[in-house]
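# Working through the structure, step by step
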Amino acid sequence: MTINSESILNDVEKIRKNAPLVHNITNYVVMNTTANALLALGASPVMAHALPEVEEMAGIAWALVINIGTLSDAWIEAMFKAAKKATIRQIPIIIDPVGVGATQYRTRTARELIQASAPSIIRGNGSEIMALCEQDITTKGVDSTSASDQAIDSARALALEFDCVVCITGKIDYIVSQEAMIQVKNGHAMMPRVTGLGCTATALCGAFAAVNQDFDKAAAHAMAVMGIAGEMAAQNAQGPGTLQINFIDSLYQLSETHIKELFND
Amino acid sequence: MTINSESILNDVEKIRKNAPLVHNITNYVVMNTTANALLALGASPVMAHALPEVEEMAGIAWALVINIGTLSDAWIEAMFKAAKKATIRQIPIIIDPVGVGATQYRTRTARELIQASAPSIIRGNGSEIMALCEQDITTKGVDSTSASDQAIDSARALALEFDCVVCITGKIDYIVSQEAMIQVKNGHAMMPRVTGLGCTATALCGAFAAVNQDFDKAAAHAMAVMGIAGEMAAQNAQGPGTLQINFIDSLYQLSETHIKELFND
Amino acid sequence: MTINSESILNDVEKIRKNAPLVHNITNYVVMNTTANALLALGASPVMAHALPEVEEMAGIAWALVINIGTLSDAWIEAMFKAAKKATIRQIPIIIDPVGVGATQYRTRTARELIQASAPSIIRGNGSEIMALCEQDITTKGVDSTSASDQAIDSARALALEFDCVVCITGKIDYIVSQEAMIQVKNGHAMMPRVTGLGCTATALCGAFAAVNQDFDKAAAHAMAVMGIAGEMAAQNAQGPGTLQINFIDSLYQLSETHIKELFND
């Protein structure tokens, strides 16, 4: 299985045409930047976490993105409730296990959420995917200390255990499922210096999964678009500040020409 | 009733001179960007939502802005408490019913807040104003699916029911009250692609209402400044990322010349 | 005691080499911007406030930053728990008493936190430091209404009472302890128009204290870097929007040449 510039463009155009509503229960740090990324790409984001409304919001969304970056007990309850509704409606659920391995609270919550919700896609950095699989690893905060390729075996094990697509992001992104493995090689070295670009990658998985039920490809398309937009953004960036802003512009500008020129197959 | 470049400038100068403290109980997505917009214009924002302190904070503020974008039960209680104090002190209350119609929780909360607090100004997009009036409409998340002019009848009904100014934002902004209707035609097509510019419009209503007790005009001035700053920002924007940043710069730079040249009466 | 461009550079290089994990329990308004500032400088930020995990997170961090900008009861409990762990581990604790004096809730919480946690550094603006010391002052929201030099006596009293370094930021920054007073004169007049740059100053104190146990100097180095990066950022800023973005770029670019040319001793 593979992806190409035509398949990427096809999904981008579907997102722009349909503006799928992506329901995010995400962390405080990235709410603004991930909403802006989804809007710039052409999706319609909504951030809602209150227990009395998550079920209804998940009931009108095209995809549900759950990110445990700044979790607390009340939010966890809402995450489970939203996931249950999304499962009933058979809309894709994307989970971002931010900081798994840094605390037992995160590791336990992420695994319980994944077990209960049967996600379509799990997206994390190398350390997170390894910690999610091998539960006794301790990681350093939310930044990865492992290269993405070190986590491939863990990703395979998770894909098998939970019957889902596992997306490891890093210098090379690996999209792993029981059926396939896709590598995406776009991106720029300065991207990890912008907070929450990993969370943005997860949110974009939501937008792509909303319009493409082949979740291997949806995740790979999302990673390709992240990487291409990152490369576009870096061309005129003086540092992580301008990179973050240019990245949003790039998602908005992204055209067939950009994809064809920059997609690194 | 109408507004003109002199009346806009007059209020802007009052804000810059007095730096009115605007107390915001608002959503997580826009806290940073609305605080920056208020600061750039010349007001003094404070974000505070804790039950033990909202009364005291509303007790020193010049205006109270309540935005239900990411509400939860604990925050709702604080919103009511702050609104009560603001009512006693007769400072303007501005309400933004974000996402009303998307969930019953939002619709019910927004209507109860409005009933209890007798706001000076309600600001929403077309879908939100219609859903607030006709309570059985379902809207799509937080983005409007209706043009602002479709909501004029609903705005009139709300203005009558709650004796307040209703501000519908969209391609044309309509400021509706029992006495008048003002149209504001400034703005730029890319603005809806930046998350939370609607929330910023509401926050600016707070700053203008803090210095101008004629709330029709205060709301219209705020919308004119939003639109003018948006047009200034778009001149050098490559997408929604740079638009968001330039918009803050434009609020800071905004001069008599900009207002006179760009105000679209 | 004094600092110079070599001592500043030395700490910056230590941060870049070690990427110390800085655990922040901070306010919603600045989570994104302070995480980006820490990342741009070379530190590794983590934002975590949940009661079940703060102890574990403080258990792997190099420094703990507590900021009461948008506090609530649940978060206060987590702040105390994290501070207790940090005290046991003898890692530096930095406290930012945002808005102290605006409400009794903030004043009381800040003083109780300081008493319980024995912080290494307290950083605030003039009004906040005065209100923290003279508890019956009422301030205006979160923006300072006092020049930093008006707060020197209060800072001295606090430094004596709590045996810590007190850092007053303003046009001139004063780093006050029982042993010394250091003045830092870098910075730019537009910086107070960007929300949360004070909170960023506090977060950077965390990064510097993580690599330098001489907390007078750590705080002074942090303030010098804030000021230098602010001056670099202002060179091409059209307003507070671009200033905020350029500031992040400047922390990333900051070199020996910048420090030597711009440090104002």
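Scroll up to find the structure.
Residues numbered from 1 in each chain as written. Chains lettered and ligands numbered in written order. Predicted model: local features only at pLDDT ≥ 70, side-chain atom pairs only at ≥ 80, totals over all residues.

In terms of regular secondary structure, chain A is built from 11 helices and 8 strands. Taking 18 Å as the expected radius of gyration for a compact globule of 265 residues, we find that chain A reaches 16 Å, a close match to that expectation. Its C-alpha atoms put chain A at 45 × 40 × 35 Å along the principal axes. Looking at chain A residue by residue over its 265 residues, the buried ones come to 68%. Taking the contacts inside chain A whose residues are at least 6 apart along the sequence as the reference set, 72% of them involve residues at least 24 apart. (Helix = DSSP H or I, 4+ residues; strand = E, 2+ residues; numbered from the N terminus. Rg over C-alpha atoms; globule rule 2.2 N^0.38 Å. Buried ≥ 20, exposed ≤ 12 C-beta atoms within 10 Å, placed from the backbone. Contact = placed C-beta atoms within 7 Å.)

Let us look at the interface of chain B and chain C. Tallying the contact residues gives 26 residues for chain B and 28 residues for chain C. Ranked by the residues each element gives to the side of chain B that touches chain C, the list is headed by helix α10 (residues 240-253) of chain B, at 7 residues. The class makeup of the residues in the side of chain B that touches chain C is 17 nonpolar, 6 polar and 3 charged. (Nonpolar A, V, L, I, M, F, W, Y, C, P; charged D, E, K, R; others polar.)

Turning our eyes to something else, we now look at the pairing of strand β5 (residues 121-125) of chain C. Residue and element names in this part refer to chain C. A large share of β5 lies buried, amounting to 5 of its 5 residues. Side-chain alternation along β5 places I121, R123 and N125 on one buried face and I122 and G124 on a second face that is also buried. Here strand β4 (residues 93-96) pairs with β5 via 2 bridges, running parallel. Paired with I94 across the bridge in β5 is I121. Sheet analysis places β5 next to strand β6 (residues 165-169), joined by 5 bridges and oriented parallel. Residue pairing for β6: G124 is matched across the bridge by I168. (Pairing = 2+ DSSP bridges.)

Right, let's get into the interface of chain A and chain B. Opposite the 26 residues of chain A that make contact, chain B presents 28 residues. Of the residues forming the side of chain A that touches chain B, the biggest block, 7 residues, is contributed by helix α10 (residues 240-253) of chain A. Its residues assigned to classes, the side of chain A that touches chain B comprises 17 nonpolar, 6 polar and 3 charged.

Turning our eyes to something else, we now look at the relation of the copies chain A and chain B. For the match of chain A to chain B, the screw axis carries a shift of 0.0 Å, the RMSD comes to 0.0 Å, and the turn is 120°. These values place the two chain copies in the arrangement generated by a three-fold rotation axis. Minimal C-alpha distance to the rotation axis in chain A is attained by Y28 of chain A, lying at 3.8 Å. When the interface residues of chain A are mapped onto chain B, a mere 12% of them are again interface residues, pointing to distinct binding faces. (Least-squares fit on C-alpha atoms with pLDDT ≥ 70 in both.)

Residue and element names in this part refer to chain C. What the 8 strands build is an open sheet, ordered β2-β1-β3-β4-β5-β6-β7-β8; its pairing is mixed. The open sheet has two free edges, formed respectively by β2 (44-47) and β8 (181-184), since each of these has just one partner strand. Across the sheet, the axes of successive neighbouring strands diverge by a mean angle of 20°, strand direction being ignored. Here 4 bridges tie strand β3 (residues 63-67) to β4, and the two strands are oriented parallel to one another. Considered in β4, the bridge of L64 is made with I93. Sitting on the sheet, helix α2 (residues 31-41) is in contact with β1 (21-25) and β2, with an inclination near 160° to β2. (Axes fitted to C-alpha atoms, helices over the stretch in contact; angles between N-to-C directions.)

Residue and element names in this part refer to chain B. Axis separation between helix α2 (residues 31-41) and α10 bottoms out at 7 Å; the angle between their running directions is 25°. In this view, α2 runs roughly parallel relative to α10, as classed from their interaxial angle. Once α2 is placed against α10, the crossing between them reads as right-handed. Residues T33, N36, A37, A40 and L41 of α2 touch α10, and the partners they reach there are Q244, I248, L251 and Y252. Here the contact of α2 with α10 is composed, by residue class, of 6 nonpolar, 3 polar and no charged. (Parallel < 35°, antiparallel > 145°, perpendicular 65-115°, else oblique. Left-handed = near helix turned anticlockwise from the far one by under 90°.)

Below, the discussion takes up the sheet that holds strand β1 (residues 21-25) of chain A. What links the strands of a sheet is backbone hydrogen bonding, and the strands pair in either a parallel or an antiparallel sense. Residue and element names in this part refer to chain A. Ordered by their spatial adjacency, 8 strands build an open sheet running β2-β1-β3-β4-β5-β6-β7-β8, and the pairing between neighbours is mixed. The sheet terminates laterally at β2 (44-47) and β8 (181-184), the two strands that pair on one side only. Adjacent strand axes in the sheet meet at a mean angle of 20° when their direction is disregarded. Sheet contacts for helix α2 (residues 31-41): β1 and β2; angle to β2, the most-contacted strand, approximately 160°.

Turning next to the relation of the copies chain B and chain C. When chain B is brought onto chain C, the operation consists of a screw motion whose angular component is 120° and whose axial shift is 0.0 Å, with 0.0 Å RMSD remaining. Comparing interface residues between copies, only 12% of those in chain B also lie at the interface in chain C; the contact surfaces differ.

This paragraph deals with the environment of E231 of chain C. All names here are of chain C. Along the chain, E231 falls in helix α9 (residues 215-235). A residue is classified by how many C-beta atoms lie within 10 Å of it, and E231, with 20 of them, is buried. Dropping the residues within four chain positions of it, E231 is found in contact with N186, G187, H188 and L262.

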